[in-house]
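A look at the structure
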2 protein chains.
Amino acid sequence: MTACPPIDAERLWDDIMALGAITEPERPYTRRSFSPLYDEGRAWLTERMREAGLVTHIDAAGNLIGRREGKFASNRTILVGSHSDSVPSGGRFDGMAGVIGGIAIARALDDHGVTLDHPLEVIDFLAEEPNEFGLSCIGSRGVTGCLTAEHLALSNRHNETLAAALARVGGDPARVRSARRDDIAAAFELHIEQGPVLEAEGIDIGIVTAIAGITRLEIEFEGTAGHAGTTPMQLRRDPLIAAARVVGWVHAHALELSARGQGHFVATVGVIEALPGATNVIPKTARILIDARSEDRRLLEEFRSALDAESRGAAQAARVERSKLNCLSDNLPAACDPRLREVLGRCATLLGYSSRAMASGAGHDMAFISQVAPAAMIFIPCKGGRSHTPEEWAGAGAVAAGTRVILEAILRIDAPTASPAAGSTASPAPGKDA
Amino acid sequence: MTACPPIDAERLWDDIMALGAITEPERPYTRRSFSPLYDEGRAWLTERMREAGLVTHIDAAGNLIGRREGKFASNRTILVGSHSDSVPSGGRFDGMAGVIGGIAIARALDDHGVTLDHPLEVIDFLAEEPNEFGLSCIGSRGVTGCLTAEHLALSNRHNETLAAALARVGGDPARVRSARRDDIAAAFELHIEQGPVLEAEGIDIGIVTAIAGITRLEIEFEGTAGHAGTTPMQLRRDPLIAAARVVGWVHAHALELSARGQGHFVATVGVIEALPGATNVIPKTARILIDARSEDRRLLEEFRSALDAESRGAAQAARVERSKLNCLSDNLPAACDPRLREVLGRCATLLGYSSRAMASGAGHDMAFISQVAPAAMIFIPCKGGRSHTPEEWAGAGAVAAGTRVILEAILRIDAPTASPAAGSTASPAPGKDA
């Protein structure tokens, strides 16, 4: 194996701060995909990629890619990256840390004259976050070849189609299928945890086992609107009573499933609506949106079936109709590649970092990439587990640590049979469960 | 007592339909206070009042009044009426039936040359319904002298003050205190029940015992927003869990209180809000508005105190703060005058109508008028108990019956010692609980 060149941790940190500064000034940190600021951020990233010796282009699905060739043209590509778009009033790490980390890796290789056996690409996936087209992970979907004509026909509130917006950021909607990759040897993503576990446990690196499947359900109850003053209690058909019962049940049942030892399970009611929504009117309808996630598909299926029974029961008890039980979306869990996980865990230990296996409750580009290539992710701790907020924060040391682990893993994947080179700080690999 | 002249039931009905036809054409039946259509409705009502021999004026608080003098100038005034404004997409009876009924009574007296001992005024109270100034019962508040400078400074979304709007409809904001009346011998209001009881029990006339007191409370819980995918269940502080528990409790506890036999009690959560309100975010705050009503103040006080304890308990169980428990408004119950109730009950029986005592769960102008004069209301059945909707409906016979009962009662109040005259259809009064 090639000697692992050092990451310039200071430069890495400065770059994260500099990219974060490209924000809507009145609401930091906002750099939404397809906005002029997004283009500005990408122009800045393109410069950084070129400085790091990468040859840049934008693929047909709108992903910004910086490539360095390897020794052997026939080798498949090692991919590393994340996304540079933010949510409104978001943070400076979710996505950006992984892109800048990828550039730091390329820079380390470039600065020390290392040429890998494999080509290396640093990628900034297009539009991972929710955006005005209502479709997240646009770029990584493109890499799997699953951006459809239907997707491209989606439009924003200015009636611009996704196809037009894609062309505007340098993609090629007519040739979007050409973005599909079957040449990827391994894909890595560094990301902040966006949860409190690593910080709470004082652990440096999370090795992601799987990206949770996400099932989104809508339940609506319908009763009879009525005057809040004149309708006697015993004659009411109030749908909010049923909805409130289900809200409590979702929480209690999710607590139970999460304690089963079958891996990550969470369920949340983040949206509740009673209509007409007036103080003096008994609601006619009550609607809740449920977000359930698990790395184990069986848990999600069990939850859905129990929710079906519970919501029927709640409707019956409140003498209302359960007028809707819709599945709004349903993504399967995506397992991270076992070999890459093993290598990442070993590299963390070699570098002196503590690590633990953990599922990702959040969705990520790697959930798509895992459909076409061995893919893996590592998490680094973030302050208070907070994300999608201006207070989102990861320490400079944590970002550098995660970047080092991925660089070390890339070197091992690149030349698995080579022995550790002199000058590396790594000690011998102790085994899988390091 | 003067012979009771017959009510022209057909004319009464036609007038209700004609007033209802003065509506926003695209959303019947809408004639909101302070709108041009409201003025149009009042111009039409003024014409009807004049035809019925009434001398009209608008008082300083914006009430439209049609007056006929009595035999004795020193006698206090008998008042009968309701309001002509509607809610958006409301009905044709709530308020209007009582105003048109008052005009029908004046017409019956006029047509048959009857002069009462007392002056009689038919009143259209200004703006009983919720309106753009956020203050209901504006006209009847004025009659009690309790329209304050603060009220007059309220403004609508066009930054027009209530004072300016009041002047625009013919009131006199500078002299609003002069609208206070201390010369009212008795006040009557005919209204649809706006609830299902009379129809369900097949009863013609509800004699209102009291207008329920209304307490409006706001409860807010505050927890910690978090990512719905990455925040483990056992680390959550989800305020919606506490709010949902309280929603269920309000319903269950109100059922219990209403079954106590201490009179009308209802409580409703009509508004619920979880913020930020995104599917993938654990709410940071959850807020509910509670509307509780009773004719018995003690029940309301007991409810408030139990709600305080329950909401604290719910917050503790969900590990969140109960960040707000605010009283938004608190109106005392208003008892209807016992003598007028007795007379109304007796008159209903005399006229061959079934009747029952019942509380009003809805607020009415008479709740204010009862502060300055003996006041009473009767309810007539409405279809399905529905109100504040275009489907609001009362039969022509029911409206005529209610109007006859009030006319009969006015005659008895006017000359209580006179004996029933020949030609009256009324049979001798059987006593108080008729």
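Here, the structure is the one placed above.
The notes below deal with the structure included here. Counting starts from 1 at the beginning of each chain's written sequence and moves along it residue by residue. Chains and ligands are labelled by the order in which they are written, letters from A for the one and numbers from 1 for the other. Where totals are concerned, whole chains, interfaces and linings use all residues; where local detail is concerned, this predicted model gives features only for residues with pLDDT of at least 70, and gives and counts side-chain atom pairs only at 80 or more. The side-chain values count all of the structure's non-hydrogen atoms but skip hydrogen atoms and water molecules.

1. Examining the overall build of chain A
Which entries qualify depends on this criterion: The secondary structure listing takes helices from DSSP runs of H or I that are at least 4 residues long and strands from runs of E that are at least 2 residues long, numbered from the N terminus. Only the C-alpha atoms count toward the radius of gyration. The rule for a globule is 2.2 Å times the residue count to the power 0.38. Working definition: with a 1.4 Å probe on protein chains only, accessible area under 20% of the residue-type maximum means buried, over 50% means exposed, and in between means partly exposed. Should any heavy atoms of two residues lie within 4.5 Å, those residues are counted as being in contact. Positive: Lys, Arg. Negative: Asp, Glu. His and the chain ends are not part of the count. We put the charge of a Lys on NZ, of an Arg on CZ, of an Asp on CG and of a Glu on CD.
For chain A, the helix and strand inventory stands at twelve helices and 15 strands. At 24 Å, chain A has a C-alpha radius of gyration in line with the 22 Å of a compact globule built from 434 residues. A principal-axis box enclosing the C-alpha atoms of chain A has dimensions of 85 × 50 × 40 Å. For chain A, buried positions account for 60% of its 434 residues. A fraction of 79% describes how many contacts in chain A between residues 6 or more apart in sequence connect residues 24 or more apart. A gap of 4 Å separates the mean positions of the 44 positive and 55 negative side-chain charges of chain A.

2. Focus on the side chain of Thr389(A)
Residue and element names in this part refer to chain A. Heads up, the condition is: Definition of a polar contact: a pair of N or O atoms within 3.5 Å, with one able to donate and the other able to accept a hydrogen when the atoms are protein atoms, and with sequence-neighbouring residues admitted only if both atoms are side-chain atoms.
By the secondary structure assignment, Thr389 is in the loop between β15 (375–380) and α12 (396–414). A polar contact is formed between the side chain of Thr389 and the side chain of Glu391, at a distance of 2.6 Å. When neighbours within four sequence positions are excluded, Thr389 is seen to be in contact with Ser89, Gly90 and Gly91.

3. Regarding the relation of the copies chain A and chain B
Stated formally: Residues below a pLDDT of 70 in either copy are left out; the C-alpha atoms of the rest, at least 70 in both, set the least-squares superposition of the copies.
Once turned by 180° and shifted 0.1 Å along the axis, chain A lies on chain B with an RMSD of 0.1 Å. The two molecules are tied by a two-fold rotation axis, judged by turn and shift. Looking at the rotation axis and the C-alpha trace of chain A, the residue lying nearest is Ala244(A), at 2.2 Å. Looking at the interface residues of chain A, 100% of them are also at the interface in chain B, so both copies use one shared face.

4. Some details on the interface of chain A and chain B
The test is simple: We define buried area as the total accessible area lost by two parts upon association, computed with a 1.4 Å probe and summed across both. The term salt bridge refers to a pairing of a side-chain nitrogen on Lys or Arg with a carboxyl oxygen on Asp or Glu at a separation within 4 Å.
On the chain B side, the residues contacting the 46 residues of chain A number 46 residues. The contact between chain A and chain B buries some 3900 Å² in all, and 69% of this surface belongs to carbon and sulfur atoms. Per-residue buried area on chain A facing chain B is highest for Thr230(A), Met233(A) and Thr279(A); these three make up 17% of the total on that side. Between the two partners, chain A and chain B, sit zero salt bridges. Secondary structure elements with two or more residues in the side of chain A that touches chain B: α8 (239–258), β9 (265–275), β10 (281–282) and β11 (285–294) of chain A. No other element matches β9(A), which puts nine residues into the side of chain A that touches chain B.

5. Side note on the sheet that holds β9(A)
Residue and element names in this part refer to chain A. Which entries qualify depends on this criterion: The pairing criterion is simple: DSSP has to find at least two bridges between the two strands. Whenever a helix is involved, its axis is fitted only over the stretch in contact; in every case the axis is a line through C-alpha atoms, and angles between N-to-C directions fall within 0 to 180 degrees.
Sheet architecture is open: four strands sit in the order β9-β11-β7-β12, paired in antiparallel fashion. Every interior strand has two partners, whereas the edge strands, β9 and β12 (321–331), have only one. This sheet shows a mean twist of 15° between the axes of neighbouring strands, independent of strand direction. Pairing between strand β7 (residues 213–222) and β11: ten bridges, direction antiparallel. Along β11, the bridge assignment pairs Leu217 with Ile290. Along the sheet face, α8 touches β7, β9 and β11 and points at about 170° away from the line of β9.

6. So, the sheet that holds strand β7 (residues 213–222) of chain B
Residue and element names in this part refer to chain B. Here we have four strands laid out as an open sheet, ordered β9-β11-β7-β12, and antiparallel in their pairing. Looking at strand neighbours, the two that pair on one side only are β9 (265–275) and β12 (321–331), the edges of this open sheet. Taking each pair of neighbouring strands and ignoring which way they run, the sheet shows an average axis angle of 15°. Two strands pair when backbone bridges link them, and β7 and β12 are joined in this way by nine bridges, in the antiparallel orientation. Opposite Phe221, over in β12, you have Arg322 as the bridge partner. Against the sheet, helix α8 (residues 239–258) engages β7, β9 and β11 (285–294), with an angle of about 170° to β9.

7. What about helix α10 (residues 338–350) of chain A?
Residue and element names in this part refer to chain A. Threshold: Each helix should span, by expectation, one fewer than its residue count multiplied by 1.5 Å.
Here α10 contains 13 residues, and its C-alpha end-to-end distance of 18 Å stays within 8% of the 18 Å for a straight helix at 1.5 Å per residue. Taken together, the buried positions of α10 are Leu340, Glu342, Val343, Leu344, Gly345, Arg346, Cys347, Ala348 and Leu350. Structurally, α10 contributes buried residues whose contacts are with β5 (184–192), β6 (205–211), β14 (355–360), β15 and α12. Measuring from the side-chain oxygen of the N-cap residue of α10 to the backbone nitrogen of Arg339 gives 3.3 Å; that N-cap residue is Asp337.

8. Topic: the nonpolar core
Note the threshold: To qualify as a nonpolar core, a set must consist of buried Ala, Val, Leu, Ile, Met, Phe, Trp, Tyr and Cys residues joined through side-chain atoms within 4.5 Å.
Core analysis: the biggest nonpolar cluster contains 66 residues, and Phe303(A) and Phe303(B) have the highest contact counts within it. Those residues in contact with Phe303(A) that lie beyond four places of it in its chain are Trp249(A), Val250(A), His253(A), Leu257(A), Phe265(A), Ala267(A), Ile290(A) and Ala292(A). The next biggest cluster of nonpolar side chains, apart from the first, holds 61 residues, and it includes Leu12(A), Ile16(A), Met96(A) and Val114(A).

9. Section: the environment of Ser305(A)
All names here are of chain A. By the element assignment, Ser305 lies in helix α9 (residues 297–317). By relative accessible area, Ser305 is classed as partly exposed at 48%. For Ser305 and Pro130, which are 175 residues apart along the polypeptide, the C-alpha to C-alpha distance reads 28 Å.

10. Examining the packing of α10(A) against α12(A)
All names here are of chain A. Note the following rule: For this classification, under 35 degrees means roughly parallel, over 145 means roughly antiparallel, 65 to 115 means roughly perpendicular, and everything else is oblique. Helix crossings are classified by the rotation of the near helix relative to the far one: an anticlockwise turn of less than a right angle makes the crossing left-handed, while a clockwise turn makes it right-handed.
In contact at an axis separation of 9 Å, α10 and α12 are set at 125° when each is read in the N-to-C sense. By the angle class used here, α10 and α12 are oblique. Considering the relative orientation of α10 and α12, their crossing is right-handed. For the pair α10 and α12, contact is made by Arg339, Leu340, Val343, Leu344, Arg346, Cys347, Ala348 and Leu350 and by Val405, Ile406, Glu408, Ala409, Arg412 and Ile413, respectively.

11. Quick word on the environment of Ala318(B)
Residues and elements named next belong to chain B. If you trace the backbone, Ala318 turns up in helix α9 (residues 297–318). Owing to a relative accessible area of 11%, Ala318 belongs among the buried residues under this scheme. For Ala318 and His251, which are 67 residues apart along the polypeptide, the C-alpha to C-alpha distance reads 20 Å. When sequence neighbours within four positions are dropped, the list of residues in contact with Ala318 reads Arg236, Arg237, Asp238, Ile241 and Ala242.

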